[in-house]
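Residues per chain are reported as follows:
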Amino acid sequence: METTSRLRRTPVITTTLTALGVAVAIYFSPWIFTSSYSRGLVVTFGIDALLALGLIVLVGYAGQFSLAQAGFAAIGAYGSAVGTVRFGWPPALAMVVAAAVAALLVYAMGRPILRLRGHFLAMATLAFNEILYLLLTNSTWLGGSSGFGGVPPFSLFGWSFADQVRQMYLVLCALAAGLWIASRIRSSREGRGLRALRVNETVASAHGVDPARAKTKAFVLSAVFGSVAGSLYAHTLLYVNPAPFGVMQSIEILVIAVVGGVGSPWGALLGAGAIMAIREGSTSFMPVLFGEGAVGAAEELTVGVVLVLVLILMPGGIVGALRRLAARLRPARATAADPAPAVAADPPTGPVDRADPPAVRLAAHGLTKRFGGVTAVDGVDLVLHDGEILGVIGPNGAGKSTLVNMLSGVQPPTAGRIALDGRDVTGRPAHHVAGLGLARTFQTPVMFEGMTVLETVLVGTYPAGRSGVLSSSVPLPGAVREERRLRADAERALERCGLAHLRDVEAAQLSLGHQKVLEIARGLVGRPTALLLDEPAAGLNRAEKQRLGALLRDLRGEGVAVLIVEHDMELVMGLVDRVHVIEFGRTLRIGTPAEVRTDPEVIRAYLGADEAEEDVRAGH
Amino acid sequence: MKMTSPRWIAALAALPLLLSACAGPGGGDTGGGSADGPYRLGVLVALTGSYSALGEAERDATAAFVKKVNAEGGVNGRPIELTVVDSRSVESDAVNGLRRLASDNVLAVIGPSGTSEAIAIKPVTKSLRIPAIGMASGTQIVEPIDEAEWMFKNFPDISRSTRAMLSFTKGLGAKTVAVLAPNNAYGQGQAKAVPELADDYGLRVVGSELHDPNATDFVPQLTRLKNADPDSVIVFGVVPASAVIAQNATQINFDAEFVYEPGSASPEFISVGQAAVDGRYVVGTKALVSDSVDPSDPQHAAVTEFVAAYGKQPTQFAGNGWDAISVIVEAIRKANPDTSDVPAARKAIKDAMETQLDGFVGVNGIYRYSPTDHSGLGTEGLALLQVRDGKFHLAGRLGENGDVILQGK
Amino acid sequence: MRDLIQIALTGVTNGSIYGAIGIGFVIVHRITGVINFAMGDLALVGAFGAVVLARDLPLWLAVPGGIVIAAVASVLVYLLGVRPLRRHQLLVQMIATLGIAIAVRSVLQILFGSDAYQLRPFTAGAAYTLGGATISRQALWVVAITVVIVAALTVFFDRTATGRAVTACAVNPFAAGVVGINVGLMAALSFALAGAAAGAVAVAQTPLSVITVLGGLTLSLKGFVAAILGGLDRIGLTVVGGIVVGLVEAAAAIYAGALYTTLASLALLLALLIVRPAGLTRLRTSTRV
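Worth saying up front: this structure is predicted, and the values here are computed from it rather than measured.

*Asks:* Explanation requested: the overall build of chain A in the structure shown.
*Replies:* Helix and strand counts for chain A stand at 24 helices and 14 strands. Here chain A holds 620 residues, and 55% of them are scored as buried. For chain A, contacts bridging at least 24 residues in sequence account for 73% of all contacts bridging at least 6.

Here's what the structure looks like:
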């Protein structure tokens, strides 16, 4: 469970209380819902919520759009039905097999489809759902449009879930388990990676998140949730046919997720409850307004209108609205003032002399990048050593950021080679390079919405961890230990950067200066061997720049290879060991700050020809 | 992300559910009946979704029936009261709707409209011990009989209605037939049954096509059938598709004798099909030609009453609705149950249906129910209609032993 | 041979409506980046509008009336659903159009129920035959209207000042705003054009069979395939794409049986998305996500 600010040191208490509350609610449900009709509603509610939960994992965590959720439910429902009726398997086995089939199908289909973005993915999932529906309708073996009945109730270890009370327990417990797993995943390493991916794929991949693999995992998870919900449907209705698994139903599940709020697993419950309330409520008073015959259509109209209104007025869904309400009810917290700088402000010192030639960490030869007719970078050779700070400077538009993008794998070079630790990484994607120990920051800080400062830094620990989705779902000892270690790393990085006092503030609310420092903290938490910084000082005040300088010097002292792209000459010249000047995409000069400062070509590039001569004559 | 007080979020999650539970009927499932007052019946039909055309007509017919009966003094001196629930053409909603009606203490349920909905509610009628009469054709609805103890239907089985179609087609003089049916459970069943039964009527099947139930263009399928050159084409499915089929057939000059099944027995067939359906044959309910029904025909009284009470132009499905509630009400009349004990009353009605309704004359046919046969309808009531001058005319009917009696042009 | 000609005729007729819906998608996508899931339903609004008007008015008034209704409905969709969300992610905007599609469909259902509706053909007369295959006069109207729409839109976007302004907004709304173009107005105009184009062909197609309120989603899906084939950018290619879909369906119906028509177009869609999202164009797909 997430920590709240007040119960920061006792997440265990929050989790336990919630779990207890849920357990109590489930246990007493048969006394709250006494009629056969209301119990039937509870079962429908639970299945709808489970379906929506799977979609929330995909839409809310990974930001992907799927209209195939009903299709996965079909796999679960038909899988369980066929397994139990035609093959005589025990229901639990059939459910597991069906979920495995769904997962495999997504995995097989996943890669090529998940490379698509936005509307392409939406249409692809819609097509998949419709194809599945047509196949079911036309399959005589599966009963065609009629489907088939005779599905036995769910049973486990001899316990049969035949009557309504037991079905309520079954479904609600499955839902509770789903909620728990979804929550755990959310605050786990994979969950953070997905949430970062949702906000900005480039930045997430710069921290080691492989976009295709991560999206596939999220998709597989949503398929499994959908399949299990479908199996439960089959074991409560005792009958399967294609009709409940069409595209319209997939859209309805999306509506439930959005209305409830895709930002949180609880959105599934709130959404399912809200839509159910609309449907049931409309049967009570719609006939008065629209006449009996139009009740169903009026209901659909309400659902459509509610969806649009929710998107416009409360895009976070009901969960989002409740959160904002709660935030307003809490006493306003004053933004904590900065304590005394963690590191004393040193006067800028010169570079440290080196005795032995340091190891080459990153080497690039003949790097070129062409965009159509424009050559942004032209044949640049660059070398970065361990334990040095290399400054890359040049006029605006010189190609510095493109250079950094190529070195970090964000953009593939048109020509040239890049070697990291001696290994050729030319053209390798960003997450691969990040996994080899190279970290970078971006010119404009990218904050992940909804994450605290601590969580943001934790995203940077992604390459240093290994727990996947499975081990994150349940508290396996290995995963728990790793999470603790990663958190400790993150706390240390925050201390180092002087942000420890802001650890629980929402990162998006920080000042620009703090955000830039946070970017750096996120970069160095993974203990990179090479760190590339793209204009880290822009927007910082004097004290912050001094702190930045001190931090970078520390890193150098630890042997990290640092490359910094900057415009602030005072900072750069006082900080770096070497300077690499770029103009019009080409290397102009490489040398020590002293050499570069007085080079007439460099001065001309920055200031113009006449003034260059003046400076030279003035004896700079 | 902070999760503020998850406990009260959980409580709020339960709130909508509580509210909707309160919106529905409270209390338990049994008891709550009263010895006097109206007989309360439930109508569970599709008012939205794919079966809504059927459901609307069925609901209107039941309402018309109740109005007529109540005006005449009710049944056993007591009026009838209907509760209508929309099954939305969705199986799980049909089940929930049944539960809701049962909680509301209705004595019996008329509905649902579709085969899959009826199959879905079958086990629930058994567990709740409430009789229901489905207005759909699937054989699975009432078989096996031990599962369908409380479930009835009033639509002929597919094989029986196929036989009727084949009889009439043969009676019109065909030797080779082709089939065009919608690609759903019903159509698939019919398309399968025709070749199996055609031999019994000396007919040879030369082509069979299925179409998307929502399609609006049938030229490709008709072209394929035309290439097989059949004497006659049997068209399954409902309006408006069947009317468009007629138009498409005319467009491509497809010259066979087209015979349409009861799904086309509605005024919409003529209003949509217009010139293209002139001269075409439709097997359907006598209600559409009520003034041509012979007074000696046992169904004459039923048909005239229905047409008078319904007001609008009747259709096959309206007839279904009327017959379904007639059957139930007849059972109530015969059983005269004590409604202060609802479960016992429901059992009494079910028993009466099984034992007291052999040869009940309805609008769409003559119903014979028994403890082992909950299917009820043979083919006796079906008539052969022909469209002439923008109206249906009686062209023939099936006699008691299944022979076709054609009437003059 | 007769079958081939029939496939060609049916394919072109049906393909024109898919292409017109596709044009609707393309125009809206160019300027907002959004896929308007309500496109098929909006086309139906136009058709139903014409049907209602035709009860009292002569056809030559009812048909343009239906087109105007479709255009107005489309602009309403923009104002109520897309414009308020223009600062949000595209994902959000697309979900909103889904909600609107549901709302439009249910309004149609409330007004018109589940019945089928018709329109009289624009010109009376028997169908034409060509080598044993038939094509009705109304089908020729459908094709003709589609051709006119493509021509008119091409002229509009390439030759008129307003059209170029719309294109400018599509390429770079910020810059367009800087030069004084009212981006919101251009967007509303685009939605109106999209609705009019799709509505026009939908109205023309109604006399060929019938319309019911449930047809919107399928139309949207098939129109989208056409739009993808057009690279979500080229109007002419979109109509070509639509015809491709129509031909594939007609061929599947005759050679493989009815069951495979929709399956064929969906498989085509999936294959396109995976293998060649740029469709028939030579563009690299720009992801405006």
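Structure's up, so let's keep going.
*Asks:* I keep staring at helix α5 (residues 158–171) of chain B and nothing clicks. Help me out?
*Replies:* One full turn of an α-helix is made of 3.6 residues, so residues set three or four places apart face in the same direction. Residue and element names in this part refer to chain B. With 14 residues, α5 ought to run about 20 Å at 1.5 Å a step, and its terminal C-alpha atoms sit 20 Å apart, in line with that. Counting buried residues in α5 gives 10 out of 14 residues, a clear majority hidden from the surface. Buried residues of α5: I158, S161, T162, R163, A164, M165, L166, S167, F168 and T169, and no others.

*Asks:* Please explain the environment of P230 of chain B as it appears in this structure.
*Replies:* Following the sequence through the fold, P230 of chain B ends up in the loop between α7 (219–228) and β8 (232–235). When sequence neighbours within four positions are dropped, the list of residues in contact with P230 of chain B reads T176, V177, A178, V206, G207, L225 and A256 of chain B.

*Asks:* Honestly, the packing of helix α3 (residues 59–82) of chain C against helix α8 (residues 183–205) of chain C in this entry has me stumped. Any pointers?
*Replies:* Any two packed helices are characterised by how steeply their axes cross, that is the angle between the axes, and by the distance between the axes. Residue and element names in this part refer to chain C. At their nearest, the axes of α3 and α8 sit 7 Å apart, and the two run at 140 degrees to each other. It follows that α3 is oblique to α8 by the angle criterion. Seen along the crossing, α3 lies across α8 with a hand that is right-handed. Mapping the contact onto sequence places V63, G66, I67, A70, A71, A73, S74, V75, V77, Y78 and L79 in α3 and A187, A188, F191, A192, A194, G195, A196, A198, G199, A200 and V203 in α8.

*Asks:* Teacher, can you tell me more about the interface of chain C and chain B here?
*Replies:* Interfaces are often sized by the accessible area lost when the parts come together. Contact with chain C, which involves 24 residues of that partner, is made by 22 residues of chain B. Looking at the side of chain C that touches chain B, the elements with two or more residues in it are α1 (2–32), α10 (235–256) and α11 (260–275) of chain C. No other element matches α1 of chain C, which puts 4 residues into the side of chain C that touches chain B. When its residues are assigned to classes, the side of chain C that touches chain B shows 9 nonpolar, 13 polar and 2 charged.

*Asks:* Sorry if this is basic, but what is going on with the domain arrangement of chain A here?
*Replies:* Residue and element names in this part refer to chain A. Taken domain by domain, chain A holds domain 1 (11–245) and domain 2 (360–447 + 523–618). Here domain 1 and domain 2 have C-alpha centroids that lie 48 Å from each other. The interface is formed by 10 residues belonging to domain 1 together with 10 residues belonging to domain 2. Examining the composition of the side of domain 1 that touches domain 2, we find that 4 residues originate from one element, helix α8 (residues 201–206), more than from any other. When grouped by side-chain class, the residues that make up the side of domain 1 that touches domain 2 number 4 nonpolar, 5 polar and 1 charged.

*Asks:* Explain the nonpolar core to me, please; I cannot follow it from the model alone.
*Replies:* Taken as a class, soluble globular proteins show a tendency for nonpolar side chains to be buried jointly. If you look at the biggest cluster of nonpolar residues, it comprises 444 residues, and the most contacted ones within it are A52, A257 and A521 of chain A, I328 and L385 of chain B together with A198 of chain C. In terms of residue count, the dominant contributor to this core is helix α2 (residues 36–61) of chain A (17 residues). Among all residues touching A257 of chain A, those that are not within four sequence positions of it are A52, L55, I56, V59, V262, G267, A268 and G271 of chain A.

*Asks:* What am I meant to see in the environment of R527 of chain A here?
*Replies:* Within the secondary structure layout, R527 of chain A lies in the loop between α19 (512–524) and β11 (530–534). The spacing of R527 of chain A and L438 of chain A is 89 residues in sequence and 9.0 Å in space, taken between C-alpha atoms.

*Asks:* How should I be thinking about the confidence of the model for chain A in this particular structure?
*Replies:* Overall, the predicted model of chain A reaches an average pLDDT of 83, with 90% of residues at or above 70. Long-range and interchain partners of residues 1–9 of chain A, a stretch whose pLDDT sits below 50, account for 21 contacts in this model, where long-range means more than four residues apart.

*Asks:* Quick question: what am I supposed to make of the sheet that holds strand β13 (residues 578–583) of chain A here?
*Replies:* Two strands in a sheet stick together by hydrogen bonds in their backbones, pointing the same way (parallel) or opposite ways (antiparallel). Residue and element names in this part refer to chain A. Here 6 strands make up an open sheet; going across it, the order is β10-β11-β12-β7-β13-β14 and the pairing mixed. The open sheet is flanked by β10 (438–440) and β14 (586–591), the only strands paired with a single partner. Shown here is a sheet whose adjacent strand axes are inclined to one another by a mean of 15 degrees, direction ignored. Pairing between β13 and β14: 5 bridges, direction antiparallel. By the bridge assignment, I582 is partnered in β14 with T587. The sheet contacts of helix α14 (residues 400–407) involve β7 (389–393), β10, β11, β12 (561–565) and β13, and relative to β11 the element is tilted by about 150 degrees.

*Asks:* Before we go on, may I ask you to explain the environment of R184 of chain A in this structure?
*Replies:* Tracing the chain through its elements places R184 of chain A in helix α6 (residues 164–186). Sequence-distant contacts of R184 of chain A, defined by excluding residues within four places in its chain, comprise S472 and S473 of chain A.

Calculation notes
- Residues numbered from 1 in each chain as written.
- Chains lettered and ligands numbered in written order.
- Predicted model: local features only at pLDDT ≥ 70, side-chain atom pairs only at ≥ 80, totals over all residues.
- Helix = DSSP H or I, 4+ residues; strand = E, 2+ residues; numbered from the N terminus.
- Buried ≥ 20, exposed ≤ 12 C-beta atoms within 10 Å, placed from the backbone.
- Contact = placed C-beta atoms within 7 Å.
- Expected span 1.5 Å × (residues − 1).
- Axes fitted to C-alpha atoms, helices over the stretch in contact; angles between N-to-C directions.
- Parallel < 35°, antiparallel > 145°, perpendicular 65-115°, else oblique.
- Left-handed = near helix turned anticlockwise from the far one by under 90°.
- Nonpolar A, V, L, I, M, F, W, Y, C, P; charged D, E, K, R; others polar.
- Domains from an automatic or database assignment.
- Core = buried A, V, L, I, M, F, W, Y, C linked by C-beta atoms within 7 Å.
- pLDDT = per-residue confidence, 0-100.
- Pairing = 2+ DSSP bridges.

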